[in-house]
Amino acid sequence: MVNPRFPRSRIPTFTLFTSAITLALCTFFLLSFLFTTHSYSSHQHHFTGSEGGIAHGFESIRRSILALKTDPLKPRLDQIRKQSDDHRSLALVYASYARKLKLESSKLVRIFAELSVNFSDLMKKPQYRTLFSSDASPVDESVLRQLEKEVKERIKTTRQVIGDAKESFDNQLKIQKLKDTIFSVNEQLTKAKKQGAFSSLIAAKSIPKSLHCLSMRLMEERIAHPEKYTTEGKPTPPEVEDPNLYHYALFSDNVVAASVVVNSATKNAKEPWKHVFHVVTDKMNLGAMQVMFKLKDYNGAHIEVKAVEDYKFLNSSYVPVLKQLESANLQRFYFENKLENATKDTNNMKFRNPKYLSILNHLRFYLPEMYPKLHKILFLDDDIVVQKDLTGLWKIDMDGKVNGAVETCFGSFHRYAQYMNFSHPLIKAKFSPKACAWAYGMNFFDLDAWRREKCTEEYHYWQNLNENRTLWKLGTLPPGLITYYSTTKPLDKSWHVLGLGYNPSISMDEINNAAVVHFNGNMKPWLDIAMAQFKPLWTKYVDYELDFVQACNFGI
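Scope of this entry: the structure provided in the associated data block. (Residues numbered from 1 in each chain as written. Predicted model: local features only at pLDDT ≥ 70, side-chain atom pairs only at ≥ 80, totals over all residues. Heavy atoms only, no water.)

**Describing the state of the cysteines**
Piece 1. According to the stated counting rule, one finds two disulfides in the structure shown.
Piece 2. Across the disulfide, C213 is cross-linked to C552 (sulfur-sulfur distance 2.1 Å). As the torsion about the S-S bond is roughly -75°, the C213-C552 disulfide counts as left-handed. Within this pair, whereas C213 is found in helix α8 (residues 209-224), its partner C552 is found in the segment after α22 (547-551), the two being separated by 339 residues in sequence.
Piece 3. Classification of C213 by relative accessible area gives partly exposed; the value is 22%. (Disulfide = S-S within 2.5 Å. Helix = DSSP H or I, 4+ residues; strand = E, 2+ residues; numbered from the N terminus. Buried < 20%, exposed > 50% of the residue type's maximum accessible area, 1.4 Å probe, protein only.)

Right, here's the structure in full:
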């Protein structure tokens, strides 16, 4: 009789479940046996030193069983392959970018392409291809290590090439490198400019050996024969004070330059005997000047040679420049200036020359007092050459103006703003920064108008205010621009052509058409640094036939 609590239909199910458990236990024992056998065999091999064939067989069995789950070397292989593919792609990207930039990098294109091919070729090698042939096959660790070694070597090479070539692709890096280069070059350029300007000033202010020799020989002649050259005790020739003649003022300590001015003016004058030259120098060069102008008659022209010390009113109690020269501050500025500081300011460097406080340069502001009997006078610098008769200047209607001069402004250049400090309230209130500047070097002065306008007093007023150099830097042109601000008459440009001492682009047509050419600038015609194309204009008036000139080898 069948028990109702255990139905007949459930008995086969229970039997199947029992069979499954039995099968699982058998499998477990079989696997345990295999591992135990392998361990024992390995142990025996270790101590007996038998051949490794059996052990290898057991190893293969172990690996095969593990492969049923996961081979521990597979992730490592995948990582190596991924690194290789990444760097191969990176090399291809850089090669493509190099082609796009058209760098001289045809070389870089080739290198990156070769790197990419190297990665591909590496993966295609037969011994490595088997590693990727089947996921089921075990990975040979020794082959894997060799692959890893070669991949790392190629990765190292790729990264090194990319690092070296990075600046060719990184625009920001290229821009920064270019900025650094520009900054470095600008630093070198600034330094070279300062050194060049300083060297140029030394060359410009030096006295050539031949010029020094000539001054010494002329002085020697003056000492040996004083009676021939002295003017002491002799009456002043009437021509020197005759207002009906053509009078010139020339202030210089350069004996050759002064003689060229007089020589060129007299040779080109239609009536040289009507021309009077007032040459003023310092006490040191007075003797040489006296001898030089006694050696020939200059076509009958009248020449007065005096020292600045002969004008007794020119003293520190009257002349602001002489008073300022006595100040400790100004002496320190000029005479205690150390060499290492001399080139700090290239723009202001030339103003650190004491010549700008020399009274010879400021005599031009005292012409009415120096020549009280004259009505008109032509002021000439010692670095000019006269090429035509200048008597036409005396026929110009000055319209009540004091100073007749050639204007030098063009565009925004040579305006008052370039010469004066317009941030100073006094300058800003009195003058226009756009007013046109004019040139010293050949200036025709109406001395009667000068006296009427009280120009010397005006000059004194401004010069005293500028004791600390706050209104303008040193020199004679800024105070001249101020003094004759509203009393200058522009002259035709053909009267006076400037720039032969610094501008090589002046046309010869303009020079040949000029009444006076001016070697303003550092490259004076008596220096070795003079411009070769302009120097003959000056040397043609040097008296090379004089024995003193020949003795000093004063060459062309």
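**As for helix α10 (residues 255-267)**
Piece 1. The terminal C-alpha atoms of α10, which comprises 13 residues, lie 18 Å apart, in line with the 18 Å expected from a rise of 1.5 Å per residue.
Piece 2. Taking burial as the measure, the 13 residues of α10 include 12 buried ones, the bulk of the element.
Piece 3. Listed in full, the buried residues belonging to α10 are V255, V256, A257, A258, S259, V260, V261, V262, N263, S264, A265 and T266.
Piece 4. Between the side-chain oxygen of the N-cap and the backbone nitrogen of V256 there are 3.2 Å, and the N-cap of α10 in question is N254. (Expected span 1.5 Å × (residues − 1). Polar contact = N/O pair within 3.5 Å; in protein donor to acceptor, adjacent residues only side chain to side chain.)

**Brief notes about the sheet that holds strand β7 (residues 442-446)**
Piece 1. With mixed pairing, seven strands are arranged side by side in an open sheet as β3-β2-β1-β4-β7-β6-β8. The open sheet is flanked by β3 (302-307) and β8 (488-490), the only strands paired with a single partner. Ignoring which end each strand starts from, the neighbouring axes of this sheet average 25° apart.
Piece 2. Both strand β2 (residues 275-281) and β3 contribute to a ladder of six bridges, which runs parallel. (Pairing = 2+ DSSP bridges. Axes fitted to C-alpha atoms, helices over the stretch in contact; angles between N-to-C directions.)

**So, unusual backbone geometry**
Piece 1. The phi dihedral of N299 is positive, around 55°, even though this residue is not glycine.
Piece 2. Relative to the helices and strands, N299 is located in the loop between α11 (283-292) and β3.
Piece 3. Despite not being glycine, R469 has its phi angle at roughly 60°, a positive value.

**Comments concerning the nonpolar core**
Piece 1. Membership of the largest hydrophobic core comes to 62 residues, with the highest contact counts inside it found for L378, L390, L393, L500 and W538.
Piece 2. Element by element, the count of residues in this core is highest for α10, at eight residues.
Piece 3. In this structure, W538 is in contact with V256, A257, V260, V385, F519, P525, W526 and F554, ignoring residues within four places of it in sequence.
Piece 4. Among the nonpolar cores identified, the runner-up in size contains 44 residues, and V319, Y366, V402 and I427 belong to it. (Core = buried A, V, L, I, M, F, W, Y, C linked by side-chain atoms within 4.5 Å. Contact = heavy atoms within 4.5 Å.)

**Here's the deal with the pattern of salt bridges**
Piece 1. Scanning the model with the defined rule gives 12 salt bridges in all.
Piece 2. D86 is the partner of K82 in a salt bridge, and the nearest nitrogen-oxygen pair spans 3.1 Å. Taken together, the positions of K82 and D86, both in helix α3 (residues 74-101) and four residues apart, correspond to about one turn of that helix.
Piece 3. Accessibility expressed as a relative area gives 51% for K82, which makes it exposed.
Piece 4. Here the salt bridges share partners, and the residues they tie into one network are K125, E150 and R154. (Salt bridge = Lys/Arg side-chain N within 4 Å of Asp/Glu carboxyl O.)

**What about the sheet that holds strand β5 (residues 384-386)?**
Piece 1. Reading across from one edge, β5-β10-β9 is the order of the three strands in this open sheet, with mixed pairing throughout. Only two strands of the sheet have a single partner each, and these edge strands are β5 and β9 (496-497).
Piece 2. Pairing of β5 with strand β10 (residues 516-518), which is carried by three bridges, proceeds in the antiparallel orientation. When the sheet's bridge partners are listed, V385 is paired in β10 with V517.

**What about the environment of Y416?**
Piece 1. Structurally, Y416 is set in the loop between β6 (403-405) and α16 (425-430).
Piece 2. Y416 sits in the buried class, given a relative accessible area of 1%.
Piece 3. Separated by 19 residues in the primary sequence, Y416 and A435 have C-alpha atoms spaced 5.5 Å apart.
Piece 4. Sequence-distant contacts of Y416, defined by excluding residues within four places in its chain, comprise F422, F431, S432, P433, A435, C436, A437, W438, L481 and Y485.

Just geometry here; none of it tells us what the structure is for.
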